[in-house]
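Spelled out, the chains give:
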Amino acid sequence: MKQDNELRNNLKSMRTRLGMSQQELANLAKVTRQTISGVESGQYAPSVAIALRLAKVLGCQVADLFWFEEDLLEIEAVLAKSISCSQQQPVSLARIGGQWIAYPLVGKDAFRLEMIPADGKINSLSGAKTVRVKLLDDIDKLHNTVVIAGCAPVLSLWAQATERWYPQLRVQHNFANSMTALRSLCRGEAHIAGMHLYDPVTGEHNTPFVREVLAERAAVLITLGVWEEGLLVESGNPMGIKTVTDLVDTKAMIVNRELGAGTRLLLEHKLQEEELPFHAVKGFDHIVKSHQEVAEAVVSGIANAGISTASIAASFGLGFVPLHSSRYDLVILKEYLEEAPVKQLLGTLGNRLIHSQLEVLGGYDTSKTGDVVATI
């Protein structure tokens, strides 16, 4: 069939996530490679038979592969609080008293700080680093847990969306900067490490750091998204900050991230490019531990600027000065890839809802979401 401009698909991301070439998928689905290429590019709308074959080969539903843009449901809702700009603003929804209520995900409302229910309690020490734990819940539930270490707030969003689809799956997000997450993976403390580290020497994202830390261990890198990193500044950018040099010239006060954080490495790299010493920037040693804390420091007036992402700037209503497009990858040891909880979680990367959630945040490119970008 000829092109249908309203038909959308994520065939490529699902195929590459499974390590298939176009020809391999074509052989399994009993179509030509040109058909696969045409469907992925949107130049060819598949027949029902072809769509069913593709879904069967990829182990999903047809609706997970193809959808019409016009079919995305719209409802009427009442805003729970006023906001300065409404178009494309993320919200959460609830049905109350016969009407839909929309809660704008702005500033701190875009994040959740919650107490985590305990799975057990330590009964006794049994070694220098080992304990005996008395369980508080069914052990079968604990087996179905996948652990992610990383600093991106979107990891929690991804985890919550996945748990909606798979009620028996538990996704535990441990907050850690990129290098700490990678070391946690190496120590066997996580299934997946999220990271966004740029190596200016090789011009590569993440891969050189993974090779160094994991040494001889086999792993794959799967892209979650490409995000814009840069300087968060006060709304309207009253100090006219456009480059890292302006931080020095305007005597702007900043907050910085801790060692091992991807945004700190980016700031250091940009300062080195401009041949500016780190201590020339006021507040360079004023450390905060998360993207949200960077934004909160600027919002509260503690700092005039700090380095984070475009999506964080949008959530807090701050100005943003882009410096670099960074690839955020998920690093998974190959030995974990066949574990059911990990497979379920990674399987959602091709779902259009995940892409929509990333896109509505702003500053995310989802064209490579789910792509295997490196094998170590």
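For the structure itself, look to the data block above.
Everything numeric in this text was worked out from a predicted model, so none of it was measured.

Here is what the cut-offs are and how they apply
Every chain's residues receive numbers from 1 upward, in the order its sequence appears when written. In view of the model being predicted, local features appear only for residues whose pLDDT reaches at least 70, and side-chain atom pairs are presented and counted only at 80 or more, with totals across whole chains, interfaces and linings using the full set of residues. Derived side-chain values reflect all non-hydrogen atoms in the structure, with water molecules and hydrogen atoms excluded from consideration. Only runs of H or I of at least four residues qualify as helices and only runs of E of at least two qualify as strands under DSSP, and these elements are numbered from the N terminus. In this description the radius of gyration comes from C-alpha coordinates, and the expected globular size is given by 2.2 Å times residues to the power 0.38. Neither His nor the chain termini are counted; the positive set is Lys and Arg, and the negative set is Asp and Glu. We put the charge of a Lys on NZ, of an Arg on CZ, of an Asp on CG and of a Glu on CD. Burial classification: accessible surface area is computed with a 1.4 Å probe over protein chains only, and a residue below 20% of its type maximum counts as buried, one above 50% as exposed, and the rest as partly exposed. When DSSP locates at least two bridges between a pair of strands, those strands are taken to pair. Patches draw on residues past 30% relative accessible area with no salt bridge. Two like charges within 9 Å are joined, as are two nonpolar side chains (Val, Leu, Ile, Met, Phe, Trp, Tyr) within 5 Å. For the accessible areas, the method is Shrake-Rupley and the probe is 1.4 Å, while residue cover comes only from the protein chains on display. Salt-bridge detection follows one rule: a side-chain nitrogen of Lys or Arg within 4 Å of a carboxyl oxygen of Asp or Glu. Paired rings are identified among Phe, Tyr and Trp, the last through its six-membered ring, by centres lying within 6.5 Å, and are further divided according to the angle between planes into stacked (under 30 degrees), edge-to-face (over 60) and tilted (the rest). Think of each axis as a best-fit line through the C-alpha atoms, taken over the contacting stretch in the case of a helix, with angles from 0 to 180 degrees between the N-to-C directions. When an angle is under 35 degrees it counts as roughly parallel; over 145 it counts as roughly antiparallel; between 65 and 115 it counts as roughly perpendicular; any other value is oblique. Handedness of a crossing follows from how the near helix is turned relative to the far one, being left-handed for an anticlockwise turn of less than a right angle and right-handed for a clockwise one. Throughout, a contact is declared for two residues whenever any of their heavy atoms are within 4.5 Å. Charged means Asp, Glu, Lys or Arg here, nonpolar means Ala, Val, Leu, Ile, Met, Phe, Trp, Tyr, Cys or Pro, and polar covers whatever is left, Gly included. In plain words, nonpolar cores are sets of buried Ala, Val, Leu, Ile, Met, Phe, Trp, Tyr and Cys residues tied together by side-chain atoms within 4.5 Å. Two cysteine sulfurs form a disulfide in these notes if their separation is within 2.5 Å.

Draft legend 1. Structural detail: the overall build of the protein chain. Of the regular secondary structure elements, the protein chain holds 15 helices and 19 strands. Over its C-alpha trace the protein chain gives a radius of gyration of 22 Å, about what one expects of a compact globule, namely 21 Å for 376 residues. The principal-axis extent of the C-alpha atoms belonging to the protein chain is close to 65 × 60 × 55 Å. When the 36 positive and 42 negative side-chain charges of the protein chain are each reduced to one mean point, those points stand 5 Å apart.

Draft legend 2. Quick peek at the pairing of strand β16 (residues 305-309). β16 sits mainly inside the fold: five of its five residues count as buried. Where strand β13 (residues 219-233) and β16 come together, five bridges link them in antiparallel fashion. Bridging across to β16, glutamate 229 finds its partner in threonine 309. With two bridges joining them, strand β14 (residues 254-257) and β16 adopt parallel strand pairing. Residue pairing across strands places isoleucine 254 opposite alanine 305, the latter belonging to β16.

Draft legend 3. Highlighting a nonpolar patch on the surface. There is a patch of nonpolar side chains on the surface, built from Leu73, Ile75, Leu79, Val91, Leu93 and Trp100 and spanning about 560 Å² of accessible area. As for its position among the elements, tryptophan 100 is in strand β5 (residues 99-104). Residue tryptophan 100 is classed as partly exposed on the basis of its relative accessible area, which comes to 30%.

Draft legend 4. Region of interest: the packing of aromatic side chains. Tallying each qualifying case throughout the model produces three aromatic pairs. A ring pair is formed by tryptophan 227 and tyrosine 328, whose centres lie 5.1 Å apart and whose planes are at 70 degrees; its orientation type is edge-to-face. Of this pair, tryptophan 227 sits in strand β13 while tyrosine 328 is found in strand β17 (residues 319-333), placing the two residues 101 residues apart along the sequence. Like tryptophan 227, the residue tyrosine 328 is buried in the burial classification. When the centroid spacing of 5.0 Å and the interplanar angle of 20 degrees are considered together, the rings of phenylalanine 278 and phenylalanine 284 count as stacked. A relative accessible area of 26% places phenylalanine 278 in the partly exposed class. Residue classification places phenylalanine 284 among the buried residues on the basis of a relative accessible area of 6%.

Draft legend 5. Highlighting the sheet that holds strand β4 (residues 91-96). Taking strand neighbours across the sheet as the criterion, the three strands line up as β3-β5-β4 in an open arrangement whose pairing is mixed. The sheet is open, and its two edges are formed by β3 (77-79) and β4, each paired on a single side. Adjacent strand axes in the sheet meet at a mean angle of 35 degrees, parallel and antiparallel pairs treated alike. Judged from the six bridges that link them, β4 and β5 form a sheet pairing that is antiparallel. In the strand pairing of β5, arginine 95 is matched with tryptophan 100.

Draft legend 6. Examining the packing of helix α2 (residues 22-29) against helix α4 (residues 48-58) more closely. Packing of α2 against α4 brings their axes to within 9 Å, and their N-to-C directions diverge by 110 degrees. It follows that α2 is roughly perpendicular to α4 by the angle criterion. Seen along the crossing, α2 lies across α4 with a hand that is right-handed. Only Arg53, Leu54, Val57 and Leu58 of α4 make contact with α2, whose side of the interface consists of Leu25, Leu28 and Ala29. Across the contact of α2 with α4, the residue classes break down as six nonpolar, no polar and one charged.

Draft legend 7. Up close: the environment of valine 154. Note that valine 154 resides in helix α7 (residues 154-165). Taking the C-alpha atoms as reference, valine 154 lies 14 Å from alanine 313; in sequence the two are 159 residues apart. Apart from the residues lying within four places of it in its own chain, the contact partners of valine 154 are Leu224, Leu358, Leu361 and Tyr364.

Draft legend 8. Unusual backbone geometry, seen in detail. In this model, alanine 215 sits at a positive phi of 55 degrees, which is unusual for a non-glycine residue. With respect to the helices, strands and loops of the structure, alanine 215 is situated in the loop between α9 (207-214) and β13. Here the phi dihedral of lysine 251 falls at roughly 60 degrees; this positive angle occurs in a residue that is not glycine. By the secondary structure assignment, lysine 251 is in the loop between α10 (244-249) and β14. Take lysine 251: its relative accessible area is 60%, and that puts it in the exposed class.

Draft legend 9. Spotlight on the nonpolar core. Trp158, Leu182, Leu330, Val331, Ile332 and Leu346 are the most contacted members of the largest nonpolar core, which totals 46 residues. Per-element tally for this core: the top contributor is β13, with six residues. Excluding its chain neighbours within four sequence positions, the residues that come into contact with tryptophan 158 are Ile148, Leu224, Leu330, Leu345, Leu346, Thr348, Leu349 and Ile354.

Draft legend 10. Spatial organisation of the state of the cysteines. Under the definition given, this model contains zero disulfides. Of all cysteine sulfurs, the one in cysteine 186 lies closest to cysteine 151, which takes part in no disulfide; the gap is 19 Å. For cysteine 151, a relative accessible area of 2% translates into the label buried. Overall, the relative accessible area of 25% leaves cysteine 186 in the partly exposed class.

Draft legend 11. The arrangement of the environment of proline 238 in detail. Examined against the element boundaries, proline 238 turns out to sit in the loop between β13 and α10. A sequence separation of 66 residues divides proline 238 from asparagine 304, and the C-alpha atoms of the two residues are 9.5 Å apart.

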